[in-house]
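Per-entry structural report
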Amino acid sequence: MASSTNSSTAVDDEVRQLYERYQAAESDAERREIALEMGKLDGRRHAEIYAALEDE
């Protein structure tokens, strides 16, 4: 369970950093690139959730 918590914390930190970068972005192109990174991260989070559910 601890590894799940550590993974979740790392993901939360990554989300926070991406959000801060998005807010500081100076162009639409930069915001679009960051939004794509956010989407990839969200996909990984969902994959981890479904994998954990399958293990139960």
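Placed above this text is the structure.
Here the structure is a predicted model, which is why all the values come from computation and not from measurement.

**Quick look at the overall build of the chain**
In terms of regular secondary structure, the chain is built from 2 helices and 0 strands. Per-residue burial for the chain yields a buried fraction of 9% across its 56 residues.

**Concerning a nonpolar patch on the surface**
A contiguous nonpolar patch, built from Ile49, Tyr50 and Leu53 and spanning about 330 Å² of accessible area, is present on the exposed surface. Of note, Ile49 is situated in helix H2 (residues 28-55).

**What to know about the pattern of salt bridges**
A full pass over the atoms with the stated rule returns 5 salt bridges. Among the ionic pairs, Arg45 bridges to Asp12, the shortest N-O distance being 3.4 Å. Residue Arg45 is located in helix H2, and its partner Asp12 is located in helix H1 (residues 2-24); the two are separated by 33 residues in the primary sequence. Note on Arg45: relative accessible area 31%, which makes it partly exposed. The exposure class of Asp12 is partly exposed, given its relative accessible area of 32%.

The rules behind these values
Going along each chain's sequence as written, the residues are numbered from 1 onward. Restriction of local features to residues with pLDDT of at least 70 applies here, the model being predicted, together with a cutoff of 80 or more for giving and counting side-chain atom pairs; totals for whole chains, interfaces and linings are based on all residues. To obtain the side-chain values, all non-hydrogen atoms of the structure were included, while hydrogens and water were left out. Numbering of helices and strands runs from the N terminus; a helix is a DSSP stretch of H or I covering at least four residues, while a strand is a stretch of E covering at least two. To sort residues, take the accessible area from a 1.4 Å probe on protein chains only and compare it with the maximum for the residue type: under 20% means buried, over 50% means exposed, and anything in between is partly exposed. Patch membership requires over 30% relative accessible area and the absence of a salt bridge. Like charges are linked within 9 Å, and nonpolar side chains (Val, Leu, Ile, Met, Phe, Trp, Tyr) within 5 Å. The accessible surface values rely on the Shrake-Rupley method and a 1.4 Å probe; as for residues, cover is taken only from the protein chains in view. When a carboxyl oxygen of Asp or Glu is within 4 Å of a side-chain nitrogen of Lys or Arg, the pair counts as a salt bridge.

Scope: geometric values only; no functional claims are made or implied.
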